[in-house]
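Residue-level structure breakdown
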Amino acid sequence: MRAVPAPLHLARYLSGMALALLAACIPSTTPPESDPLVVFTFDDAHHSVYEIAGPLMRSYDPSWGATHFFPLEYPGQPGLMTLAQVQEMEALGWETGGHGRTHENLSAVTMDQVRSDVAASDSFLRANGLSHESYAYAFGNYNDSVQAVVAEHFRNIRTSHDFKYLDGVNRLQLGAYDAKAGHTADDLIGRIEEARLAGSPLVIFCFHVIVPDTATPDVSHDWWTHESAFIGLLDYLRERGMEVMTVRAAMAELCQ
Ligand SMILES: [Zn+2]
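Residues numbered from 1 in each chain as written. Predicted model: local features only at pLDDT ≥ 70, side-chain atom pairs only at ≥ 80, totals over all residues.

Right, let's get into the overall build of the chain. Within the chain one finds nine helices and nine strands. By residue count, 43% of the 256 residues in the chain fall in the buried class. Restricting the contact set of the chain to residue pairs at least 6 apart, pairs at least 24 apart contribute 75%. (Helix = DSSP H or I, 4+ residues; strand = E, 2+ residues; numbered from the N terminus. Buried ≥ 20, exposed ≤ 12 C-beta atoms within 10 Å, placed from the backbone. Contact = placed C-beta atoms within 7 Å.)

See the structure below:
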């Protein structure tokens, strides 16, 4: 099935179901035991992405890229990347996407605020020369009305559900496997092996902070990944001859 992008001016009038049909990319035709496309996403623009993840990925393959999702008010805050660093990574092939204004829960604010905040993300990305095709909901929170507003501005939307895509890929309702503290390389690799065995066409990872194994992690939260686990995943992908790509690149392959 060919993808038919929803014209932006029509999107607001379409029901969630109609949006889903327009956004469907491929049916479930991937043969079992073939390799899925692998997408890395990094939420909130933590500095470790610039300092550790980006250089590591480039050392494996300069063509590997990932997608950053960050609220427009985050760059430059302590522990987070600066706007110049985000722009530098974009120039190296990374994609940037919207993630709200202040990491607000879009399903808990008025629709006027949803419209204002999503439009502000779009404008911010465009004004700063960044890509503006993809969006991830802060906290993974959304509803049909929120989805319709985001779809007026962005072509690809990542939720926090870990979809298996066995009925096809809907670019307006993508998923993510959340990499958490305590995950080993085998846990991360296992998600790809699961997709291979099932004939799933796509695996999207969601990372936040990459922590060197010698450092003391912040145990007040669980959204960090040990560097050794990340390296183990990269080793596996290189050994299998698989790529690491952005959301935008994966949708270009699956939705053509
Ligand atoms: Zn976030």
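Here the narrative resumes, following the displayed structure.
Turning next to the packing of helix H7 (residues 185-198) against helix H8 (residues 227-239). With their axes 8 Å apart at the nearest point, H7 and H8 run at an angle of 40° to one another. The angle between H7 and H8 falls in the class oblique. Relative to H8, H7 is oriented so that their crossing is right-handed. Residue-level inspection shows Ala185, Leu188 and Ile189 of H7 in contact with H8, the latter providing Ser228, Ala229, Gly232, Leu233 and Tyr236. (Axes fitted to C-alpha atoms, helices over the stretch in contact; angles between N-to-C directions. Parallel < 35°, antiparallel > 145°, perpendicular 65-115°, else oblique. Left-handed = near helix turned anticlockwise from the far one by under 90°.)

Mapped onto the secondary structure, Asp61 falls in the loop between helix H3 (47-60) and strand E2 (67-70). Separated by 182 residues in sequence, Asp61 and Glu243 have C-alpha atoms that sit 8.5 Å apart.

Of all the residues in helix H9 (residues 247-254), the buried ones are Val247, Ala250 and Met251. The buried residues of H9 occupy an angular sector of 100° when projected down its axis, which confines them to one face. Tucked into the core, H9 has its buried residues touching strand E1 (37-43), E2, strand E3 (95-98), strand E4 (134-136), strand E5 (156-158) and strand E7 (202-207). (Arc of directions from axis to C-beta.)

Core analysis: the biggest nonpolar cluster contains 65 residues, and Val39 and Phe205 have the highest contact counts within it. Among the elements that make up this core, the one with the highest residue count is E7 (six residues). Setting aside chain neighbours within four positions, we find Val39 in contact with Leu202, Ile204, Phe205, Met245, Thr246, Val247 and Ala250. (Core = buried A, V, L, I, M, F, W, Y, C linked by C-beta atoms within 7 Å.)

The subject of this paragraph is the pairing of E1. In terms of burial, E1 is a largely internal element, seven of the seven residues being buried. Neither face of E1 is exposed, since Leu37, Val39, Thr41 and Asp43 on one face and Val38, Phe40 and Phe42 on the opposite face are all buried. In this structure, E1 lies alongside E7, joined through six bridges in parallel fashion. From the neighbouring strand, Leu37 faces E7, where its bridge partner is Leu202. (Pairing = 2+ DSSP bridges.)

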